[in-house]
Amino acid sequence: MKMKKFINEPENLTEELLEGLALANPEMLKIEDNHLVVNRKLETADRVTIVTMGGSGHEPCCSGFVGEGMIDISVIGDIFAAPGPQACAEALRRADRGKGVVYIVLNHAGDMLSGNMAMKMIRQDDIRVMKVVTQEDISSVPRSEADDRRGLVGCVPVYKMAGTAAAKGESLEKVAEVAQRVADNMATLAVALRGATHPVTGARLASLADDEMEIGMGQHGEGGGGRTAVKTADETAQIMLDALIKDLEIQQGEKVLLLINGSGATTLMEQLIVYRKCCHYLREKNIEIVGNHVGELLTVQEQAGFQMCMVRMDDELLSYWNAPCRTPYFKM
C-alpha cells in the first residue's frame, strides 16, 4: 500500500523523529545512545526518578512527557516495537541518582518481555528499582484477570502523579505506591472508526467498513469484540462511560479524572463534543469530574477514534495531578 506521509526513508523514521523532538525542545531533553530520551535536569536530580519505555509511532507518548514533574528517561523502540532489554537496563542504570527508580511499563507482550529481562539484568547492580505495570484496557478481559489487560493511555496519569510525588521528594516506596494506586484505580476503553497503517510497511493494522465502528479496539488494531454500526457522539460516550463506571464500581458522590485521548485522526471538535456529553452524563449520576484532559496523548498514526480513561481520585492524587509540570507535550 502506498502511503501519503511527509517522511524520508522509512527505515530512518525513529532516528529522525527523535532528532526532531530534541531540536524542538533542547532546554527540556536530549537524545542519548540506544534511543534514550533523557530529561536535561536528570544530572542534578536528588530524588526518585521515573523510567518508561515503548515503541515509536505513538507520539507524543511516551517521549513527549520527558521533563520536569513526569518522566526522566523514555526508552524508545522502532515503530510499534518494544525497545530491547539492554537499552532498558541501561536506562535504569543511567536514571538512578541514589534514591531509586520507578519503572513504568505498559502491558504489551514485547514491552513486558523487555521490561522483565531488564529487571533481571540489573539484579547485580546497586540500584533499587520498583516496577509498575499499567494494564487498564477493560475490553479484553474482566478486572479479575487484570494481568492480561492491555496498557493504553492510562500510562499518562501514572506518569503525572508518580512524577509529582518524585518531584516532591517522596521515598521510592511512596512514589511506587502512588503509581500503583493510580494503576489500580483506572480503566480505559477505546473506540475506532478506522484503523491505522504501519508507516514503514504501509500495512493496514485493522479494517472497518464505512458504516462500522469498534468499541474495544486495541492500540495496534487488536480486536475488542465490539463491532457495531456507527453511533452518534452522545451514544458512543454513554456506552463507554457505563462500561468504565461498571468496571471501576464508581458510586454516586465519587470523584474521577477523565481523559479523552484522540487516537491520531480524530479532530479536537469531535473529542470536545464527546467530552461535553461525558460532563452532562456524569453530573446526572452525581459523579464529579475533578480533573481532565482532552486531546492527543497516545496516538496510532492515522487511526480514527479515541480512548476514554477514567481514574478514581482521592484528595492526595488530585493534588499530584494539579501540581506543576513542564514537558514538551504536557504542561500544568
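As the structure is a prediction and not an experimental result, all values here were calculated from the model.

Enquirer: Explain helix 6 (residues 233–248) here, please?
Expert: Every α-helix carries 3.6 residues per turn, so stepping three or four residues along brings you back to the same face. For helix 6, built from 16 residues, the straight-helix expectation of 22 Å at 1.5 Å per residue is met to within 8% by its first-to-last C-alpha distance of 22 Å. Taken as a whole, helix 6 has its buried residues at Thr-236, Ala-237, Met-240, Leu-241, Leu-244, Ile-245, Asp-247 and Leu-248. Across the axial projection of helix 6, the buried residues extend over an arc of 160°, all falling on one side. On the buried face of helix 6, the contacting elements are strand 7 (186–194), strand 8 (212–215), strand 10 (255–262), helix 7 (268–284) and strand 12 (304–312). Residue Glu-249 follows helix 6 closely and has a positive phi angle near 55°.

Enquirer: Honestly, helix 7 in this entry has me stumped. Any pointers?
Expert: The first and last C-alpha atoms of helix 7 sit 24 Å apart over 17 residues, in line with the 24 Å expected at 1.5 Å per residue. Considered for burial, the residues of helix 7 that qualify are Gln-271, Val-274, Tyr-275, Lys-277, Cys-278, Cys-279, Tyr-281 and Leu-282. Tucked inside the fold, the buried residues of helix 7 contact helix 6, strand 10, strand 11 (288–295) and strand 12. Once helix 7 ends, the next one or two residues include Asn-286, with phi positive near 60°.

Enquirer: Would you take a moment to explain the sheet that holds strand 7 for this structure?
Expert: The strands making up a sheet associate through backbone hydrogen bonding, with each pair oriented either parallel or antiparallel. Strand order in the open sheet made by the six strands is 9-8-7-12-10-11, with mixed pairing throughout. With one partner strand each, in any of the chains shown, strand 9 (227–229) and strand 11 form the two edges of the open sheet. Strand-to-strand twist of the sheet, defined as the mean angle between neighbouring strand axes without regard to direction, takes the value 20°. Both strand 8 and strand 9 contribute to a ladder of three bridges, which runs antiparallel. Bridge pairing links Glu-214 to Arg-227 in strand 9.

Enquirer: What should I look at first to understand the pattern of salt bridges in this one?
Expert: Tallying each qualifying case throughout the model produces 24 salt bridges. For the salt bridge of Arg-181 with Glu-177, the shortest nitrogen-to-oxygen distance reads 2.9 Å. In this pair, Arg-181 and Glu-177 are both assigned in helix 5 (residues 172–184), four residues apart and thus about one turn of the helix distant. The partly exposed category is assigned to Glu-177, whose relative accessible area is 33%. Glu-214 is paired through a salt bridge with Arg-227; the nearest N and O atoms lie 3.0 Å apart. Taken together, the residues span a long stretch of sequence, with Glu-214 in strand 8 and Arg-227 in strand 9 at a distance of 13 residues. Note on Arg-227: relative accessible area 44%, which makes it partly exposed. Overlapping salt bridges bring together Lys-30, Glu-32, Glu-43, Arg-94 and Arg-97 as one network.

Enquirer: I keep staring at the side chain of Arg-312 and nothing clicks. Help me out?
Expert: Assignment of secondary structure puts Arg-312 in strand 12. Separated by 3.2 Å, the side chain of Arg-312 and the backbone oxygen of Glu-249 make a polar contact. Among the polar contacts made by the side chain of Arg-312, one reaches the side chain of Glu-254 at a distance of 2.8 Å. Setting aside anything within four residues of it in sequence, one finds Arg-312 in contact with Asn-185, Leu-248, Glu-249, Ile-250, Glu-254, Lys-255 and Leu-317.

Enquirer: How do you make sense of the sheet that holds strand 5 (residues 101–106) when you look at a structure like this?
Expert: Spatially, six strands are ordered 1-2-4-3-5-6 in an open sheet, and the strand pairing comes out mixed. Unpaired on one side and paired on the other, strand 1 (29–32) and strand 6 (129–134) mark the two borders of the sheet. Each strand axis lies, on average, 25° off the axis of its neighbour in the sheet, ignoring direction. Inspection of the sheet shows strand 2 (residues 36–39) paired to strand 4 (residues 73–79) by three bridges, in the antiparallel sense. Within strand 4, the position partnered with Val-38 by the bridge is Ile-73. On the sheet, helix 3 (residues 109–121) packs against strand 3 (49–56), strand 5 and strand 6 and is oriented at approximately 155° with respect to strand 5. Contacting strand 3, strand 5 and strand 6, helix 5 runs over the sheet at an angle of about 10° to strand 6.

The rules behind the values
Residues numbered from 1 in each chain as written. Predicted model: local features only at pLDDT ≥ 70, side-chain atom pairs only at ≥ 80, totals over all residues. Heavy atoms only, no water. Helix = DSSP H or I, 4+ residues; strand = E, 2+ residues; numbered from the N terminus. Expected span 1.5 Å × (residues − 1). Buried < 20%, exposed > 50% of the residue type's maximum accessible area, 1.4 Å probe, protein only. Arc of directions from axis to C-beta. Contact = heavy atoms within 4.5 Å. Pairing = 2+ DSSP bridges. Axes fitted to C-alpha atoms, helices over the stretch in contact; angles between N-to-C directions. Salt bridge = Lys/Arg side-chain N within 4 Å of Asp/Glu carboxyl O. Polar contact = N/O pair within 3.5 Å; in protein donor to acceptor, adjacent residues only side chain to side chain.

By themselves, these figures tell us nothing about what the structure is for.
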